[in-house]
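Chain by chain, the residues run as shown.
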Amino acid sequence: MDTTQLLKGVLDVAVLAVIRDDDGYGYDIVRRLRAAGIDEIGDASVYGTLRRLFAAGMLTSYVVPSEGGPHRKYYGINAQGRAMLAAHAADWNRFAQTMSTLLDEPVAPARVRKIGENK
Amino acid sequence: MKTLSIDPAILTFAAAVRNALDDLPADDIDDLTDGLEADLSEQAADGRPALADPVAYADELRAAAGLAPRAAAGRAPLIDLALVRANLRHAPEDLARAIRSRPGLSAIADLLISMRPVWWTIRGLVLVGALTIEWLANSAQRVPLWLWIAASVGVVVSVQWGRGRWLPTRGRRAIPFVASVVAVLAIIPLYIGVTTYVSRQFAEVYSGAGFEPTGLQLDGTPITNVFAYGPDGELLTDVQLFDQEGNPLTVTGADFGGAVLDGYNEIGYYALIPRSSAPGAAGWNIYPLVSLDPAYFDADGLPTANNPTIESTPPFERTQPLVGATVPDGGEK
């Protein structure tokens, strides 16, 4: 199954999750996501998501000059980002539970009598 | 930022990405692309796929950042129409407040408001004038009666509009306003048109064919009769006069078609006709012309049919004889 569409819905949470403990810069975060098995998302999508989360006030950002190369822009999670991550994590767990239950034990369809059919 | 160690292809790609985002505010572009070169370099070092389409990359950045696509985003319009409309809608009240808050301006405004009927009148005249002046100037006629009537109607309609009457419900305010604007714009063209028309009318009066004096004149004054005296000082009759070209020297002018040359002088009405020796149209240069006898005029003081004639009264009974002149004597010299 193509998980790209699924991932788009949860990319925000995924990005918040990989920087929950350590600040990271753009490609660093892409690398962490890939290491976690999220491989189908383009790097531009990750960078755009970082910018959107930053604009929404979930992240802090700072620029670090690097020796002999271009500067890097680091992102870190803040209190609001943590609160959102927690809320989304709870939502996700509940939703995933529901889905798992649904997929593991299909609900029997209600039986409907046809016309002329006797009990 | 040091860029020496960056692959030129990455620099080009990043520049192209920024270019594809250039409809966004500069801050947004910076937020989206700060550190892009570092990320791309590192990705290249990781052996990830080569750089692809910078526009698609920019679109992905933009979409993930929750910004509208470029096509839909467009540029902010140069003129915010909604704002302009709102300002215009409030302009009358704003202006009124500004004027009323100043006693001097307020007094002037009251005066102008009392004078509005004057403007309504002028507006009516200007609009009718603007519609007709070109025709009038080209026709070079006197102002015809119907135009006076039209002007009166225009004034009445304009004043009624000013009073809020004779207007459809829609356009109750727009029609008088548009009429005023058109009238203001028409004033200068109308002024030019009227000036042209008036100057043409004057030219018509002083040099037009209809008013050009004909016949004999002395210093611009028309001559009605000619009296010739012989060398002996006696009044001559049946004198035939011609000019240097051999044209009959008539007091009436060459194209005169009437049977009687009449008019008013200091004495009163006079009526002259050719002498009986050369009656009719050919006799206008045979002098002196004879007068219709006023004794036979009708009750209105005008000639009757077959009104008898008398010799016109000469200015002098005789003049002084000319010394040394040859006096004709019985047809011989």
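Residues numbered from 1 in each chain as written. Chains lettered and ligands numbered in written order. Predicted model: local features only at pLDDT ≥ 70, side-chain atom pairs only at ≥ 80, totals over all residues.

(A) Local environment of the overall build of chain B. Helix and strand counts for chain B come out as 10 helices and eight strands. For chain B, the residues scored as buried account for 18% of the 333 residues in total. Look at the contacts in chain B between residues 6 or more apart in sequence, and 59% of them connect residues 24 or more apart. (Helix = DSSP H or I, 4+ residues; strand = E, 2+ residues; numbered from the N terminus. Buried ≥ 20, exposed ≤ 12 C-beta atoms within 10 Å, placed from the backbone. Contact = placed C-beta atoms within 7 Å.)

(B) Broad picture of helix 4 (residues 54–64) of chain B. Buried within helix 4 of chain B we find B:Tyr57, B:Ala58, B:Asp59, B:Glu60, B:Leu61, B:Arg62 and B:Ala64. In this fold, the buried residues of helix 4 of chain B make contact with helix 3 (43–55) of chain A together with helix 1 (8–20) and helix 2 (26–33) of chain B. Looking one or two residues beyond helix 4 of chain B, the residue adopting positive phi is B:Gly66, at roughly 80 degrees.

(C) Examining the sheet that holds strand 8 (residues 309–310) of chain B more closely. All names here are of chain B. Strands sit in the order 4-5-7-8 across an open sheet of four strands; the sheet is antiparallel. On the outer flanks of this sheet lie strand 4 (261–264) and strand 8, each paired with one strand and no other. As paired strands, strand 5 (residues 269–273) and strand 7 (residues 290–292) are joined by two bridges and run antiparallel to one another. When the bridges of strand 7 are listed, Ile-273 appears paired with Val-290. (Pairing = 2+ DSSP bridges.)

(D) Molecular detail of the interface of chain B and chain A. Contact with chain B, which involves 23 residues of that partner, is made by 21 residues of chain A. Of all the secondary structure elements, the ones that give two or more residues to the side of chain B that touches chain A are helix 2, helix 3 (36–45) and helix 4 of chain B. Residues that form the side of chain B that touches chain A fall into these classes: nine nonpolar, six polar and eight charged. (Nonpolar A, V, L, I, M, F, W, Y, C, P; charged D, E, K, R; others polar.)

(E) Spatial organisation of the pairing of strand 5 of chain B. All names here are of chain B. Taken together, the four bridges between strand 4 and strand 5 define a ladder with antiparallel strand orientation. In the strand pairing of strand 5, Tyr-264 is matched with Tyr-269. Joining the antiparallel neighbours strand 4 and strand 5 is a turn of four residues, in which Gly-268 adopts a positive phi near 150 degrees.

(F) Highlighting helix 8 (residues 116–139) of chain B. Residue and element names in this part refer to chain B. When the terminal C-alpha atoms of helix 8 are compared, their 34 Å separation across 24 residues agrees well with the 34 Å that a helix rising 1.5 Å per residue should span. Thr-132 marks where helix 8 bends most, by close to 50 degrees. Looking at helix 8, one finds that the buried residues are Trp-120, Arg-123, Gly-124, Val-126, Leu-127, Val-128, Gly-129, Thr-132, Ile-133 and Leu-136. (Expected span 1.5 Å × (residues − 1). Bend = angle between axes of the 7 residues up to and from the residue.)

(G) The packing of helix 2 (residues 26–35) of chain A against helix 3 of chain A, seen in detail. Residue and element names in this part refer to chain A. Where helix 2 contacts helix 3, the axes come no closer than 10 Å and their chain directions differ by 115 degrees. Classified by chirality, the crossing of helix 3 by helix 2 is right-handed. Residues Gly-26, Tyr-27, Ile-29, Val-30 and Leu-33 of helix 2 form the contact with helix 3, whose participating residues are Asp-43, Val-46, Tyr-47 and Leu-50. Tallied by class, the residues present in the contact of helix 2 with helix 3 amount to seven nonpolar, one polar and one charged. (Axes fitted to C-alpha atoms, helices over the stretch in contact; angles between N-to-C directions. Left-handed = near helix turned anticlockwise from the far one by under 90°.)

(H) Highlighting the nonpolar core. Formed by 37 residues in total, the largest nonpolar core has its most connected members in A:Val15, A:Ile19, A:Ile29, A:Val46, A:Leu50, B:Val17 and B:Leu61. Within the residue set of this core, elements represented by two or more residues are helix 1 (4–18), helix 2, helix 3 and strand 3 (69–77) of chain A together with helix 1, helix 3 and helix 4 of chain B. In contact with A:Ile29, not counting residues within four places along its chain, are A:Val15, A:Val18, A:Ile19, A:Gly24, A:Val46 and A:Leu50. Counting residues in each nonpolar core, the second largest holds 11 residues, with B:Leu261, B:Ala271, B:Leu272 and B:Ile273 among its members. (Core = buried A, V, L, I, M, F, W, Y, C linked by C-beta atoms within 7 Å.)

(I) Just the sheet that holds strand 3 of chain A, in detail. All names here are of chain A. Pairing is antiparallel across the open sheet formed by three strands, whose spatial order is 1-3-2. The sheet is open, and its two edges are formed by strand 1 (24–25) and strand 2 (59–66), each paired on a single side. Here strand 1 pairs with strand 3 via two bridges, running antiparallel. Residue Tyr-25 lies in a different strand from strand 3, and its bridge partner there is Tyr-74. Lying over the sheet, helix 3 contacts strand 2 and strand 3, oriented at roughly 125 degrees with respect to strand 2.

(J) Molecular detail of the confidence of the model for chain B. All names here are of chain B. With 90% of its residues at a pLDDT of at least 70, chain B reaches an overall mean of 82. Within chain B, the element-level pLDDT minimum falls on helix 5 (residues 70–73), averaging 57, and the maximum on helix 9 (residues 145–162), averaging 93. The ipTM value of the predicted complex is 0.74, and its pTM value is 0.40. (pLDDT = per-residue confidence, 0-100.)

(K) Representation of the environment of A:Ser45 within the structure. Tracing the sequence through the fold places A:Ser45 in helix 3. Judged by the 22 C-beta atoms lying within 10 Å of it, A:Ser45 falls in the buried class. A C-alpha to C-alpha distance of 9.6 Å links A:Ser45 and A:Val30, two positions 15 residues apart in sequence. Dropping the residues within four chain positions of it, A:Ser45 is found in contact with A:Leu11, B:Glu60 and B:Ala64.

(L) How the structure looks around the environment of B:Pro315. Tracing the backbone through its elements, the reader meets B:Pro315 in the segment after strand 8. Sequence-wise, B:Pro315 and B:Phe227 are 88 residues apart; in three dimensions their C-alpha atoms are separated by 7.9 Å.

(M) Quick look at the environment of B:Gln320. On the secondary structure map, B:Gln320 appears in the segment after strand 8. Sequence separation between B:Gln320 and B:Tyr229 is 91 residues, and the spatial gap between their C-alpha atoms is 9.2 Å.

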